[in-house]
Amino acid sequence: MLSRRTFVSWLSGLGAALGLGVRARSGDAKGLDAVVPEQAATLDRTMVTRLAEAVLPGELGDAGVSRVSRAFTQWVAEYRKGVELVHPYGSSNLRQTGESPAGRWRAQFAALDSEARRKHRRGFGALTREQRRELVTAAMSADRINRMPEPLDANHVAMALVSWYFATPEATDLCYQARIGRNQCRPLVNAPRQPLPLANGRRQTGDSVS
Amino acid sequence: MTARVIETDVCIVGSGITAAMVAEKLADERNVRVVVVEAGDDMPPLQDWYRLRRRFLDYGESPWPSDHLDDAAVEGIQSRSMCVGGLAMHWGGVTPRFSPEDFQLKSTSGVGDDWPITYDDLDPFYQEAEERMGVSGEQGPADIDPRGKPFPLPKLPLSYNLEKLHAWVTAAGIPMWSQPSAKNSVPYRGRSACCRNDTCTPICPVGAKYSPDATWRALRTGRRVTLLTRTLVRRLIPAPDSDRIEVAQAYSRERPSDEITIRARTFVVAGGYVWSAHLLLLSRSSRFPEGLANRSGLVGKYLTGHRNVSGFVALPIKLYPGLNGQHSLVSKQFMRRPRYDRYLRHDLRVWESAVDKGPRLRNDAGALMLGDAIMDDWRQRTETGTARVRCYYDVIPARESELTLDSTRRNAHGDPLPKLSWRDAEVSRDLRGWTEERIRALFETLARAGNGRVIRTASDSFQDHPAGGCRMGRDASTGVVDSWGRAFEHRNLFVVGAPTMVSGSCANATLTFCALSLRSAAEIGKEFPTKRMGDGRRET
């Protein structure tokens, strides 16, 4: 648990560390109703799924990977630029979200596909899981960071997908094999109880990943 | 330019948490017309909060995007918030009381200054603030946590994690209990119970955490006060033949050329620690060249707060981070009992934490991990837990810890903006290193008691819960206002809440801001008729 000030600073710093996705405020920030998702800022869901199969835990299964891929694609599509970020407690700084990362990530998918064709004479999506993972590992290896980056800060779309998934309450529950349900509405009376184990080691069907 | 004139009994400048307390108490108990003037905007309605929270969680977007004025930036540390509800739209809802010692530092410890009131004077107003907001709390040991009546709501239950951590600190010999919080443990005053959404800061999506918009919503729905939004008070103007304040001169942000004149019997400045002193200084004139209530030169002086030392302790305990991460254990033991010859007071709080227990990209050998490898590594490292510990400690303010007018930076009206400079009194400067060393030693002691280790510690130079600038005193030579918040020089002018504090204690201060404001409201109300049954009086 971070301090309130650190916690909010951290959240407000989404994308700031590498100067991506965040810009200093200039002019009026957009309100909730004033901004529509940038539909152009989408990713190819099939490519995301092929990538997810290579970088996410196998215990998610095909259905889990498909669900996570859909949610990640939707998260990218619903990103909005020019929206004010939460401002840190005790700070006068105001910042807004910057450009969508979708364009940058689409280019990285194209590069993965190009590398797959050069090396294996097939597109990225047609490679085996191991072949895809090998290409992705090579693409990510230049990044020497140890900690999961904020997804919007990630230098590579594979890093973004990994860090996005592992930050979800679903991933936490899977790790602990328990129904913690972080950031979800849960009865206060149940707080003192040890979280129940996951049914069959998986979250229940229909649970959201975000 | 056109002019609009408003006549009322009480004019409150600002609509933050202390303004809400004053307005509600007056509306409940007195036959009085109240006009509240707020420079900022209304905040989104409760039904939008889940959607706003979702955007915050997913993208870091502010749930309160129009909560400040672009031309009201301040040099020095200041939280940006100027809106209906003020900074308490962001607060964490943590509501400890101060300790009796806080009000008598000079008498009991020889540092700082005594307040002109005691803890016992404030106890009934603490209680009233807790009842108005809905504070869920647990009585600590009576000798270190005195209070006149029980908490209005049952305590927030300790989570499984906090129960484990409670056993740990108990083994270390430190009494700790559930942190009192303005979060409903049961439904209260039309607001729902907490359901552990765990985003109290910056937004509780169900309104279980008290925020002032709830009070304004009720008061406005019942037409019990008039709240003018997007209206900036630039000056308070005394009557030509007396020291009484006659007029608040304001401007609508919609029509900046249109002056609004608000005439009232009583004026209440509730603009927090920045904008209250700022307004008094801005209201300077040929008769009051240093600003209102400032013949002593104390307006803007003695800005106060508290710093903290925090740390993370690795413990051989299986925890499940995320059960209710913003709730904590608290102890007031170190606020009361001197352990050393030198002055040292601090609180102690303990939270669950996921620090050092999160997923990572590289293993100990530095190799990149993906998929199952990340999950396996993460699982292996979560067999043990981490606790976060933090102590706020007293910082005695210097007179030169001050807010001044910055002639180099002006708002859209051309008025100089505030400039904040924080200075410790000599005693706090001298003790700072030793104080932080003692707190780190306490963390080490705690860690040893649990067979754990301190992962890291940090000191924050920021002074949290800032206050002061219009401190209360026994007379005009020691304060801007008396113990009721009444300006010594202007009998119908009150400053309420944070600015009136003499010192900032070593615990979250918002409840004390509210209790002081309610005490001021009791005094303000004496000039107006009491409501009788049938007058629309509403019991709280």
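Residues numbered from 1 in each chain as written. Chains lettered and ligands numbered in written order. Predicted model: local features only at pLDDT ≥ 70, side-chain atom pairs only at ≥ 80, totals over all residues. Heavy atoms only, no water.

Participant: For this particular structure, what's the right way to read the packing of helix 1 (residues 17–29) of chain B against helix 6 (residues 212–221) of chain B?
Facilitator: The packing of two helices is summarised by the inter-axis angle and the distance between the axes. Residues and elements named next belong to chain B. Where helix 1 contacts helix 6, the two axes come as close as 9 Å, and the packing angle between them is 35°. Here helix 1 runs over helix 6; the crossing is left-handed. Between helix 1 and helix 6, the residues in contact are Ile17, Ala19, Ala20, Ala23, Glu24 and Ala27 and Pro212, Thr215, Trp216 and Leu219, respectively. Of the residues in the contact of helix 1 with helix 6, the class split is eight nonpolar, one polar and one charged. (Axes fitted to C-alpha atoms, helices over the stretch in contact; angles between N-to-C directions. Helix = DSSP H or I, 4+ residues; strand = E, 2+ residues; numbered from the N terminus. Left-handed = near helix turned anticlockwise from the far one by under 90°. Contact = heavy atoms within 4.5 Å. Nonpolar A, V, L, I, M, F, W, Y, C, P; charged D, E, K, R; others polar.)

Participant: Sorry, what's going on with helix 10 (residues 426–449) of chain B here?
Facilitator: Note: α-helices contain 3.6 residues per turn, so residues at a spacing of three or four share the same orientation. Residue and element names in this part refer to chain B. The end-to-end C-alpha distance of helix 10 is 35 Å, a good match for the 34 Å that 24 residues give at a rise of 1.5 Å each. Its maximal kink placed at Arg432, helix 10 deviates by approximately 50°. Looking only at helix 10, the buried set comprises Ser428, Leu431, Trp434, Thr435, Glu436, Ile439, Leu442, Phe443, Leu446 and Ala447. Tucked into the core, helix 10 has its buried residues touching helix 5 (160–171), strand 8 (304–315), helix 8 (333–336), strand 10 (348–353), strand 11 (385–395) and strand 14 (453–467). Immediately beyond the C-terminal end of helix 10, within one or two residues, lies Asn451, with a positive phi of roughly 55°. (Expected span 1.5 Å × (residues − 1). Bend = angle between axes of the 7 residues up to and from the residue. Buried < 20%, exposed > 50% of the residue type's maximum accessible area, 1.4 Å probe, protein only.)

Participant: Can you walk me through the confidence of the model for chain A in this structure?
Facilitator: Close inspection of predicted coordinates is inappropriate for parts of the model with low pLDDT. Per-residue pLDDT for chain A has a mean of 83; in total, 76% of the residues score no lower than 70. Note on residues 1–32 of chain A: pLDDT under 50 across the span, and 106 contacts to partners over four residues away in sequence or across chains. (pLDDT = per-residue confidence, 0-100.)

Participant: How should the interface of chain A and chain B be read in this particular structure?
Facilitator: One frequent convention defines the size of an interface as the accessible area lost when the parts assemble. Each side of the interface is counted separately: chain A has 73 residues, and chain B has 78 residues. Between chain A and chain B, roughly 6,400 Å² of surface is buried when both sides are summed, and carbon and sulfur atoms account for 57% of that area. Scanning the region where chain A abuts chain B turns up two salt bridges. With a shortest N-O distance of 2.4 Å, B:Glu61 and A:Arg80 are connected by a salt bridge. (Buried area = accessible area lost by both parts, 1.4 Å probe. Salt bridge = Lys/Arg side-chain N within 4 Å of Asp/Glu carboxyl O.)

Participant: Which parts of the structure should I look at to understand the pairing of strand 10 of chain B?
Facilitator: Residue and element names in this part refer to chain B. Here strand 10 lies mainly inside the structure; six of its six residues are buried. Burial of strand 10 is two-sided: the residues Leu348, Val350 and Glu352 facing one way and the residues Arg349, Trp351 and Ser353 facing the other way are all buried. Pairing geometry for strand 9 (residues 329–331) and strand 10, over three bridges, is antiparallel. Each bridged residue has a counterpart across the sheet, and for Leu329 the counterpart in strand 10 is Val350. (Pairing = 2+ DSSP bridges.)

Participant: Explanation requested: the packing of helix 3 (residues 61–77) of chain A against helix 6 (residues 157–166) of chain A in the structure shown.
Facilitator: All names here are of chain A. Running from N to C, helix 3 and helix 6 point in directions that differ by 110°, and their axes come no closer than 11 Å. Classed by the angle they form, the pair helix 3 and helix 6 counts as roughly perpendicular. For the pair formed by helix 3 and helix 6, the contact residues are Val68, Ala71, Phe72 and Trp75 on the first element and Val157, Ala160, Leu161, Trp164 and Tyr165 on the second. Grouping the amino acids of the contact of helix 3 with helix 6 by side-chain chemistry returns nine nonpolar, no polar and no charged. (Parallel < 35°, antiparallel > 145°, perpendicular 65-115°, else oblique.)

Participant: Whenever I open this one, the sheet that holds strand 10 of chain B confuses me. Can you help?
Facilitator: To summarise the sheet geometry, strands pair through backbone hydrogen bonds and adopt either a parallel or an antiparallel arrangement. All names here are of chain B. Spatial strand order, 3-9-10-11-8-14: six strands in an open sheet with antiparallel pairing. The open sheet has two free edges, formed respectively by strand 3 (177–178) and strand 14, since each of these has just one partner strand. When strand 10 meets strand 11, the two strands line up antiparallel, connected through five bridges. Its bridge partner being in strand 11, Val350 is matched across the sheet by Val389. Along the sheet, helix 10 contacts strand 8, strand 10, strand 11 and strand 14; its crossing angle with strand 11, the most-contacted strand, is approximately 155°.

Participant: Explanation requested: the pattern of salt bridges in the structure shown.
Facilitator: Close approach of charged atoms allows side chains with opposite charge to pair. All names here are of chain A. Applying the stated criterion across every chain yields a total of 52 salt bridges over all chains. For Glu170, the salt bridge is made with Arg67, and the minimal N-O distance between the two is 2.6 Å. Taken together, the residues span a long stretch of sequence, with Glu170 in helix 7 (residues 169–176) and Arg67 in helix 3 at a distance of 103 residues. For Arg67, a relative accessible area of 25% translates into the label partly exposed.

Participant: Just to check I follow, could you spell out the side chain of B:Asp347 for this structure?
Facilitator: All names here are of chain B. Along the chain, the position of Asp347 falls in the loop between helix 8 and strand 10. Within the structure, Asp347 has its side chain in polar contact with the backbone nitrogen of Tyr392 (distance 2.7 Å). When residues no more than four places from it in sequence are discounted, the contact partners of Asp347 are Ser331, Met335, Arg390, Cys391, Tyr392, Cys506 and Ala507. (Polar contact = N/O pair within 3.5 Å; in protein donor to acceptor, adjacent residues only side chain to side chain.)

Participant: Even after reading the chapter, I still don't get the environment of B:Asp28, so can you show me in this structure?
Facilitator: Residue and element names in this part refer to chain B. Following the sequence through the fold, Asp28 ends up in helix 1. Judged by its relative accessible area of 1%, Asp28 falls in the buried class. Through-space distance from the C-alpha of Asp28 to that of Arg224 is 8.8 Å; in sequence the pair is 196 residues apart. One polar contact links Asp28 to Arg224, side chain to side chain, over a distance of 2.5 Å.

Participant: It is not clear to me how the packing of aromatic side chains should be interpreted in this structure. Could you clarify?
Facilitator: Aromatic rings in a pair are described by how distant their centres are and how their planes are angled relative to each other. In the structure shown here, the tally under the stated rule is 18 aromatic pairs over all chains. Centroid distance B:Phe98 to B:Trp115: 6.4 Å. Interplanar angle 85°. Geometry classified as edge-to-face. Of this pair, B:Phe98 sits in the loop between helix 2 (49–59) and helix 3 (105–109) while B:Trp115 sits in the loop between helix 3 and helix 4 (119–133), and the two are 17 residues apart along the sequence. Measuring from centroid to centroid gives 6.2 Å for B:Phe103 and B:Tyr119, while their planes differ by 65°, and the two rings are edge-to-face. Here B:Tyr119 lies in helix 4 and B:Phe103 lies in the loop between helix 2 and helix 3, a separation of 16 residues in the sequence. Taken as a pair, B:Phe103 and B:Tyr119 share a single burial class, namely buried. Ring pairs connect the aromatic residues A:Phe72, A:Trp75, A:Tyr79, A:Trp105, A:Trp164 and B:Tyr59, which therefore count as one cluster. (Phe/Tyr/Trp six-rings, centres within 6.5 Å; stacked < 30°, edge-to-face > 60°.)

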